[in-house]
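Residue-level structural notes
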Amino acid sequence: MKRQTRHSPIPFTRLLTDIRAADIDSVGGKGANLGELAAAGFPVPPAFCVTTSAFRMFMYDSPRVEEIYSVLAKLPADDLAKAQEVGGWVRRNLSRLPIPEEVQESIHASWSALGKEAAYAVRSSATAEDLPTASFAGQQDTFLNVQGEAPLLAAIKACWISLFTDRAILYRARSGFSHQDVSLSVVVQQMVVPENAGILFTADPVTGRRHVSTIDASYGLGEALVAGMVSADLYKVDTRLQEIIERKIGQKQVAVRPREGGGVYQELIPTAEGSLPSLEDSQVLALAEVGSRIEAHF
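About the criteria used
Throughout this document, residue positions are counted from 1 along each chain, in the order its sequence is written. Where totals are concerned, whole chains, interfaces and linings use all residues; where local detail is concerned, this predicted model gives features only for residues with pLDDT of at least 70, and gives and counts side-chain atom pairs only at 80 or more. By convention in this description, side-chain values take in all heavy atoms of the structure and omit both hydrogens and water. Criterion used throughout: strands pair if DSSP finds at least two bridges between them. Strands here mean DSSP runs of E at least two residues long; helices mean DSSP runs of H or I at least four residues long; both are numbered from the N terminus. Under this scheme, a helix contributes an axis fitted over its contacting stretch, all axes are lines through C-alpha atoms, and angles between N-to-C directions fall in the 0 to 180 degree range. Should any heavy atoms of two residues lie within 4.5 Å, those residues are considered in contact. Any angle that falls under 35 degrees is termed roughly parallel, while one over 145 is termed roughly antiparallel, one within 65 to 115 roughly perpendicular, and all others oblique. Handedness of a helix crossing follows the sense of rotation of the near helix relative to the far helix, less than a right angle counterclockwise being left-handed and clockwise being right-handed. Definition of a polar contact: a pair of N or O atoms within 3.5 Å, with one able to donate and the other able to accept a hydrogen when the atoms are protein atoms, and with sequence-neighbouring residues admitted only if both atoms are side-chain atoms. Residue type decides the class: Asp, Glu, Lys and Arg count as charged, Ala, Val, Leu, Ile, Met, Phe, Trp, Tyr, Cys and Pro as nonpolar, and the leftover types, Gly among them, as polar. Nonpolar cores were defined as sets of buried Ala, Val, Leu, Ile, Met, Phe, Trp, Tyr and Cys residues, with membership established by side-chain atoms within 4.5 Å. Exposure categories follow from relative accessible area, calculated using a 1.4 Å probe and restricted to protein chains: below 20% of the type maximum is buried, above 50% is exposed, and the middle band is partly exposed. For this analysis, a salt bridge means a side-chain nitrogen from Lys or Arg found within 4 Å of a carboxyl oxygen belonging to Asp or Glu. As a per-residue measure, pLDDT tells how confident the predictor is, with possible values from 0 to 100.

**Quick notes on the sheet that holds strand β7 (residues 212–219)**
If you walk across this open sheet you meet the four strands as β6-β7-β8-β9, and the pairing is antiparallel. Edge positions in the sheet fall to β6 (196–201) and β9 (243–248), since each has one partner strand and no second. When strand polarity is set aside, the average angle formed by the axes of neighbouring strands in this sheet is 20°. Across the sheet, helix α10 (residues 281–297) is in contact with β6, β7, β8 (233–238) and β9; its angle to β9 comes to roughly 115°.

This is the structure in structure tokens:
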């Protein structure tokens, strides 16, 4: 990893409207694909990315950065206790560092352009995500309903530091990835407050059938689903026929909701309501159709 020099022409933030799929080295996998989707006309909420250049400047502001990467490089791939010890030491060192002033100024400008009053999702976007031989998705942190500049800066810094969680460090060691070669961008995206949220696959992840889209859905923000708090609804659509071929309604006992002023909370769902379908058939088919268009684009 090369040090990011001061006053470099490489920007520290980039608006999503300026990002395409080829920009993975600058904004990571999540940021690059969101930019590509937005450019193709899909309904992607406004966002900006704090680039890997900002992450590198933050890292190299540490007087111990060379020591950090040297210690990580020597970490055994099968020693969980050592990974926990080293990870804690790395995170403590990085938590003491301020965000460089130039980076803060760039974040402030992009945040102001998108809207200071909005609530944001702050999400990690690594340069090594969903590779053919490895998947780093979900290993770094995400923060929801972030409001105000100080909480935004804190969330961005926490995302950077989460590149060095125990599990992320150990996964890279076991997969043969150099810790120094993986950088992190942060996606700062205006929040959508949904009635329901979930995950769509354009191929059945269990059977591998390419013509079957699967949708997992639950109430509220998607956090309840991805964190395993609920038994979500499952819908399967034959995209050749545009027909729902399977429907399993889960028991959705909790919903994650945005809290006024920032952050989230868990709302208990009454049993009768939790056993109802989260999506209407027309919504399921509309989602599958959007998924097919996205698949075709890529």
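Next comes the rest of the account.
**Re the packing of helix α5 (residues 101–114) against helix α6 (residues 149–161)**
The geometry of α5 relative to α6 is characterised by a closest axis approach of 11 Å and an angle of 120° between their N-to-C directions. As the angle between them shows, α5 and α6 are arranged oblique. The element α5 and its partner α6 pack so that their crossing is right-handed. Between α5 and α6, the contacting residues are Val-103, Gln-104, Ile-107, His-108 and Trp-111 on the first element and Glu-149, Leu-152, Leu-153, Ile-156 and Trp-160 on the second.

**Points about the side chain of Asn-145**
Inspection of the secondary structure puts Asn-145 in strand β4 (residues 142–146). A polar contact is formed between the side chain of Asn-145 and the side chain of Gln-147, at a distance of 3.0 Å. A distance of 2.8 Å separates a polar side-chain atom of Asn-145 from the backbone oxygen of Gly-263. Beyond its immediate stretch of four places on either side in the chain, Asn-145 contacts Ala-119, Tyr-120, Met-191, Pro-258, Arg-259, Gly-262, Gly-263 and Val-264.

**A closer look at the sheet that holds β4**
With antiparallel pairing, five strands are arranged side by side in an open sheet as β1-β2-β5-β3-β4. Pairing within the sheet leaves two strands with one partner each, and these edge strands are β1 (13–15) and β4. Adjacent strand axes in the sheet meet at a mean angle of 20°, parallel and antiparallel pairs treated alike. Pairing geometry for β1 and strand β2 (residues 47–50), over three bridges, is antiparallel.

**Structural notes on the packing of helix α4 (residues 80–95) against helix α7 (residues 166–175)**
In the contact formed by α4 and α7, the axes pass within 8 Å of each other and the chain directions differ by 120°. The orientation of α4 with respect to α7, classified from their angle, is oblique. Helix-helix and strand crossings are classified by hand; for α4 and α7 the assignment is right-handed. Here Leu-80, Ala-83, Gln-84, Gly-87, Gly-88 and Arg-91 of α4 come into contact with α7, specifically with Asp-166, Ile-169 and Leu-170. Each residue belonging to the contact of α4 with α7 can be placed in one class, and the counts come to four nonpolar, three polar and two charged.

**Section: the nonpolar core**
It is characteristic of soluble globular proteins that their nonpolar side chains tend to be buried jointly. Within the largest apolar cluster, 44 residues are counted, with the highest numbers of intra-cluster contacts made by Val-50, Met-59, Leu-94, Ile-156, Trp-160 and Phe-164. Here Leu-94 is in contact with Phe-58, Met-59, Ile-68, Lys-157, Ile-161 and Phe-164, once residues within four sequence places are set aside.

**Some thoughts on unusual backbone geometry**
Positioned with a positive phi, Asn-145 is a non-glycine residue whose angle comes to about 55°. On the basis of relative accessibility, which here comes to 5%, the residue Asn-145 falls in the buried class. For Gln-242, which is not a glycine, the phi torsion comes out positive at approximately 50°. Within the element layout of this structure, Gln-242 appears in the loop between β8 and β9.

**Quick notes on the pattern of salt bridges**
Close approach of charged atoms allows side chains of opposite charge to pair. Summed over all chains, the structure comprises 14 salt bridges. Residue Asp-166 is joined to Arg-91 by a salt bridge in which the shortest nitrogen-to-oxygen separation is 3.0 Å. In this pair, Asp-166 sits in helix α7 while Arg-91 sits in helix α4, placing the two residues 75 residues apart along the sequence. Assessed through its relative accessible area of 21%, Asp-166 is described here as partly exposed. What makes Arg-91 partly exposed here is its relative accessible area of 26%.

**Structural notes on the confidence of the model for the protein chain**
For the protein chain, the mean per-residue pLDDT works out to 92, and 93% of the residues sit at or above 70. The model gives residues 2–7 a pLDDT under 50, and that stretch makes 15 contacts with residues more than four places away or in other chains.

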